[in-house]
Amino acid sequence: MEPLNESLFGNASLEAPAALASALAPMAQSGHFDELRGVATPLSAPRPGLPAGPGALLYDAATEPPLPTAPVDASESPTKPPLAPAWNHFFEEIGSGGFADLPRRAVSLARQIRDNGVTYNVYADGDGPQRPWSLDLFPLIVSPESWAQIEAGVLQRVRVLDRVMADVYGPQQLLAEGLLPAALVRGHPGYLRAMHGVKPPGDTWLHITAFDLARGPDGNWWVVSQRTQAPSGLGYLLENRLAISRQFPQAFEALQVQRLAATYSAMMDGLQAMCPAGAPPHIALLTPGPYNETYFEHAYLARYLGVTLVEGNDLTVRDQRLYLKTLQGLRPVHGLIKRLDDQYLDPLELRPDSTLGVPGLLQAIRAGNVLVANMPGSAFLESPALLGFLPALARRLIGEKLQLPALPTWWCGERAAMEAVLPQLGDCAIKPTYPGSASHTTFEAVLGSQLGRRELDEWAGRIVREGDAHTVQSYLPLSQMPTWAQDFGPGHIAPRAMMLRVFAVSNGAQSWRVLPGGLARLAGSNAQIASMQRGGSSADVWVQTRGEVDRTTLLQPHATPASLARHRAPVTSRAAENMFWLGRYTERAENAVRLARLTLDLLSGEDQSSRPLLGWLHRLALRNALVPEAVPSAPRSRRVFERALIAELGNSETGKSVGFNLRCVREAAAAVRERLSQDHWTQIVRAEAEFVRRTAEQAGEVGEGSYATGAALRSLEAASAALAAMTGAQTDRMTRDDAWRLLSIGRHIERLGFLSSALAAGFEDGAVHEVPGFEAMVALFDSTITFHARYQQRRDVATMVDLLVLDGDNPRSLAWVTQTLRGRIARLAGSAPGKLTALSYELPDPGTWTLEKLCEPGPGARYPALVHLFDTCESAAYHVSDAIGTRYFTLTSESLRSVGA
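Criteria and thresholds
- Residues numbered from 1 in each chain as written.
- Predicted model: local features only at pLDDT ≥ 70, side-chain atom pairs only at ≥ 80, totals over all residues.
- Heavy atoms only, no water.
- Helix = DSSP H or I, 4+ residues; strand = E, 2+ residues; numbered from the N terminus.
- Buried < 20%, exposed > 50% of the residue type's maximum accessible area, 1.4 Å probe, protein only.
- Contact = heavy atoms within 4.5 Å.
- Areas by Shrake-Rupley, 256 points an atom, 1.4 Å probe, with all protein chains shown as cover.
- Axes fitted to C-alpha atoms, helices over the stretch in contact; angles between N-to-C directions.
- Parallel < 35°, antiparallel > 145°, perpendicular 65-115°, else oblique.
- pLDDT = per-residue confidence, 0-100.
- Phe/Tyr/Trp six-rings, centres within 6.5 Å; stacked < 30°, edge-to-face > 60°.
- Lys NZ or Arg CZ within 6 Å of the ring centre and 35° of its normal.
- Pairing = 2+ DSSP bridges.

## Some thoughts on the overall build of the protein chain
Phase 1 of the analysis: The secondary structure content of the protein chain amounts to 29 helices and 24 strands.
Phase 2 of the analysis: In the protein chain, which comprises 901 residues, the proportion classed as buried is 58%.
Phase 3 of the analysis: Counting only contacts in the protein chain whose residues sit at least 6 apart along the sequence, the fraction spanning at least 24 positions is 72%.
Phase 4 of the analysis: Total accessible area on the protein chain stands at roughly 35700 Å², and carbon and sulfur atoms take up 51% of it.

Dropping the structure here:
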C-alpha cells in the first residue's frame, strides 16, 4: 500500500485530484470487486470446490482467506484501470484544497462526530461500552443502474416476507403445502403463537425491513441477510449523511445525490394513516434504554421524526389500550415503533424476566387498538435458513421470480441439502439456524477456510447429529470500497471490504418504498466481520439519480398552532423522575464538595481545638456520607477522620461521597440524554471522569500531612468548577417546561433539607456560638462575602438568621428556597401565577417568619423556635419529595386519569 507522504501532499495541489486518486489508491485485493474502479481484480485460478454461483455467507471478510493457489495481485500491476465515472467526478468536485485537504477534513469529521455526541456501544471493546460512532470520510457511491436493480429487488422481497408472515399467523397454507418447513417456523423460538389469528392495521405486518447486500466479483448485488424485528441504522445513516455532505458539499450537489427526507416523511404518513384511532394519532418510539448499543440512534430518530421516545415503564395497558404515563396523566398511544426484540415486549406472555417491555401489550395488539412497527413475531424471518426457500415462496405468493438473488444457502435440517453441502464445508460458512436461542444449539458463525481438517470433521459430525440447528452458506468475496486511513503518515486511501444495508419502509397499507441510501458497514483492518458490534466502521451511501433530486424536507413551511402543539413532546413520568433526581444529585454533589472542602480547610487550619466545631463537622460528614460510620469522631482523632474523608472522596462503589454523587448525576443524566445539550452532557461525563482520575492518582501518591490534603483540595476545587458549569447549563440553557421544573424542584428540596439540617446541627452542638463555627456556617451557605459586606464584624444569632434564614434575595437562605419551592410546585400543577396548591402549603410559609420570634432565646442559650423551624423545613422537604413521587412518577390514586382519550 502506497502512503501519501509529505512530498506527495506538497505537490497534491499541482495535479488533478482524480488523477492523484487513480495513481495513489491501491486496487482491491484479488478476487474482489473494486468499487473505486468499477471492475473486479482477477484470480489466477478459480477456488476449487466452490459451490456453483456466487457464495452466500453472513460473513464479511476484511481480507480474503488464503487461496489454495497464489492469486495474481492486480494492485501490483504497472497499469491500473481508470476510476469509475462517478468516483472520477467525485474527486474532481471535492472542493478547495483538493487532495491535500483530505487530512484536515478527516480531523474535522472526527471532531464533528465527537461534538455531536454520536456514540455506539461496542460489545467487543474491552475499554468500555461506549465509543464515538465510526464514520469513514468517503461515501459509497451507487450508480442509478445499480440502484434500480437493488430497489426493484428489495421491494419485491419485502412484499414476499410480509405475505409469508400473514400466512404463518393466518391460514398456514405454506406449511400445509410443504413450501416452508414447520421446524423453521413453529420450531423457531421467535414464532409467537400468541399472534396467531391477529389482523394488523392495514393488513401490513412489516413496516421497516432491512436487507444486507454484498456485491460479488461479477458486479451484481446479492442478499446476505434480512432484519425484521428491530433493524438498526435508520438514525445513524441520517447522521452519516449530514456529516459527509458537509465535508464534500460541492461533490454532493454535482453528483445529484438523492435526498432521504421524502422517504421518512412517507413512512410517517403511512403509519399515521394506518393507526387504528386518534386524529392526529400519537406515535411513540420504544427503546430498551440508554444502555442499549444503539440508544443514540433511538433518541436521534425520535427527534427527527417528531415522535415521543419512551421506555417500557413509560407505558401501561388499561382496558386493552396502550397509554403513555405523563405528568398530566395517561395519554393514549396509537402507534409504536419498536426498537427491541420481540421476546422482551410483554413479560406477561413472553419473557417473564423482561423489564424492557409493557405488560399486556400483546393483548392490546390482538384487540386492534395499537399499530406496532414491526408487528411482533417476525424473528423467524431473520433465520439464514429461510433464504433458500424464498424463491419458491415468491412464485407461490406473488407469482414472480425474485429479481435480486440471495446467496446460496443450505439448511441442514433437510437430509439432501446436508449431504450435498458436507463435502464443501471448507469453502463455506457454518451458521446457527436459530441464533441467540436458549432452546436450540447456537454458536458464532464459523468460516470453513479457517478450520483445519480435524476441526472440519468435528463440525461435520455436529451437523449430522443436529442438522436442523445448522445452516451453511457459501463464500462470497465482498467488494472493497475506498476509505481514508490514517494509521500512519498524514493519511492514504485504502480499500476495505463492505456490506450495504438498505431499508424498505411502508408508506401505506400493503405499500412500500426503498430509502434511496443506506448504511455501508466496513470490516475492521484486523477483523473478518463487517459488524459495528465487532468494532467495524461505517460509510455514507450516495445514491445517484438521473432525474430530479427530491428536495422534500420535514420542516413545515406553514405551521399552525395545532401542528406546533403536537410537536411539544409530553414529559413522561420516567423522564420526569430522572430529571427530578438529576436535580437532587447535582445539588447533593455540590453540597458534598462544599462540605468536604470546608472540613479539610478547617482540619488543617488554626481552629483545630474547637470541639463544638469538630463535633459539628463530624455530624455533618456522617449525615452526608463523607466518612464511614465506624470512623472515630473528629474531636477524638482528627487525623484518622481526615484520612478517612480523603479516602472516601473517590469511592463510588461502597462509599456515598463526592465520587458516588457524581456517578449518580451521570446515570440520571444518561436516562434523559435526549433532553440535554451536548455541552451539558459532556460537562457531566467529564466531571466524573476527571474526579475519578484525580482521586485515583491521589490514592497512589498519598503521604502524610499537608500533601494528601492539598491534592484532595485541588480535586475538590476542580469538581466545584465543573458542578458550577453544570448548574449554569441547567439554569440558563434549558427550556422552562415541566421537566425543568422538576429538576429545579429536586435541587431545591435537596438544598432545603441540607441547609436546614446543617443549621439545626450547628445550633444543637453550639458551634455557631463560637467565631470559627459561625464563620464555617456562613461559608457552608456560600454567603461569606455578602455577610461581611452587610454586617462587617458582627457575629451574632440575629445577623445569621437575617441572612441565612429570612433573606428573600439570598438563593441559599431558607426563606428563598422555601418560597421558590412553593411557587414551582404550584406552577407544575398548572396553577396561575401567584396561586398555590395544596402541596405548596405543605411547606412552611416564610411570610410568617419574624426575626424577633426566631431569635427569642430559651433556656441554656438555645433557640427553640429556630430549631423547631429547622426541623419543620427538613421534614417538609422530604415529605414533599414523597408526595411528588406519588403524584407524578408512580401515577397512583387521583393521578390515574386519562387525558386526550
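## A few points about the packing of helix α10 (residues 261-274) against helix α11 (residues 295-305)
Phase 1 of the analysis: Viewed as axis vectors pointing N to C, α10 and α11 meet at an angle of 80°, and their least axial separation amounts to 11 Å. When the interaxial angle is binned, α10 and α11 end up roughly perpendicular. Side by side, α10 and α11 meet where Ala261, Tyr264, Met267 and Met268 of the first sit next to Leu301, Tyr304 and Leu305 of the second.

## Some words on unusual backbone geometry
Phase 1 of the analysis: Look at the link from Ala373 to Asn374: it is a cis peptide, with omega at 0°.
Phase 2 of the analysis: For Asn374, the location among the structural elements is in the loop between β14 (371-373) and α13 (390-397).
Phase 3 of the analysis: Backbone geometry places Gln256, a non-glycine residue, at a positive phi of 50°.
Phase 4 of the analysis: By the secondary structure assignment, Gln256 is in the loop between α9 (249-254) and α10.

## Examining the confidence of the model for the protein chain
Phase 1 of the analysis: The predicted model of the protein chain has a mean per-residue pLDDT of 85, with 87% of residues at 70 or higher.
Phase 2 of the analysis: Overall, residues 1-10 carries pLDDT values under 50, and its contacts beyond four positions in sequence, including any with other chains, amount to 26 contacts.
Phase 3 of the analysis: In this model, residues 122-129 is a region of pLDDT below 50 whose contacts with residues beyond four sequence positions or in other chains number 13 contacts.

## Side note on the packing of aromatic side chains
Phase 1 of the analysis: In total, this model carries 26 aromatic pairs according to the counting rule given.
Phase 2 of the analysis: Look at Tyr264 and Tyr304: their rings are 5.3 Å apart centre to centre, the planes differ by 80°, and that puts the pair in the edge-to-face class. Separated by 40 residues along the polypeptide, Tyr264 in helix α10 and Tyr304 in helix α11 bring together distant segments of the chain.
Phase 3 of the analysis: Of the residues examined, Tyr304 reaches a relative accessible area of 27% and is grouped as partly exposed.
Phase 4 of the analysis: Sitting over the face of the ring of Trp459, Arg462 holds its NZ or CZ atom 4.5 Å from the ring centroid.

## Examining helix α24 (residues 771-780)
Phase 1 of the analysis: The buried fraction of α24 amounts to 7 of the 10 residues, a majority that puts the element mostly inside the structure.
Phase 2 of the analysis: If you check which residues of α24 are buried, you get Pro772, Gly773, Phe774, Ala776, Met777, Val778 and Leu780.
Phase 3 of the analysis: Of the residues trailing α24, Asp782 is marked for its positive phi of about 55°.

## A look at the sheet that holds strand β16 (residues 428-432)
Phase 1 of the analysis: Judged by pairing direction, the sheet is antiparallel, and its 4 strands sit side by side in the order β15-β18-β16-β17 without closing on themselves. In this open sheet, the two strands that pair with only one neighbour each are β15 (409-411) and β17 (446-447).
Phase 2 of the analysis: Of the pairings in the sheet, the one linking β16 to strand β18 (residues 470-474) comprises 5 bridges and is antiparallel in character. For Lys431, the partnering residue across the bridge sits in β18 and is Thr471.
Phase 3 of the analysis: Sheet strands touched by helix α15 (residues 453-465): β16, β17 and β18. Its angle to β18, the strand with the most contacts, is close to 130°.

## Structural notes on the side chain of Asn810
Phase 1 of the analysis: Mapping Asn810 onto the fold places it in the loop between α26 (797-806) and α27 (814-828).
Phase 2 of the analysis: Aside from chain neighbours lying at most four places away, what touches Asn810 is Ser783, Leu803, Leu804 and Trp816.

## Concerning the pairing of strand β22 (residues 519-522)
Phase 1 of the analysis: Burial along β22 is two-sided: the face carrying Leu519 and Arg521 and the face carrying Ala520 and Leu522 are both buried.
Phase 2 of the analysis: Here 4 bridges tie strand β20 (residues 492-508) to β22, and the two strands are oriented antiparallel to one another. Within β22, the position partnered with Leu500 by the bridge is Ala520.
Phase 3 of the analysis: Sheet topology places β22 next to strand β23 (residues 537-539); 3 bridges connect them, and they run antiparallel. Bridge pairing in β23 links Ala520 to Ala539.

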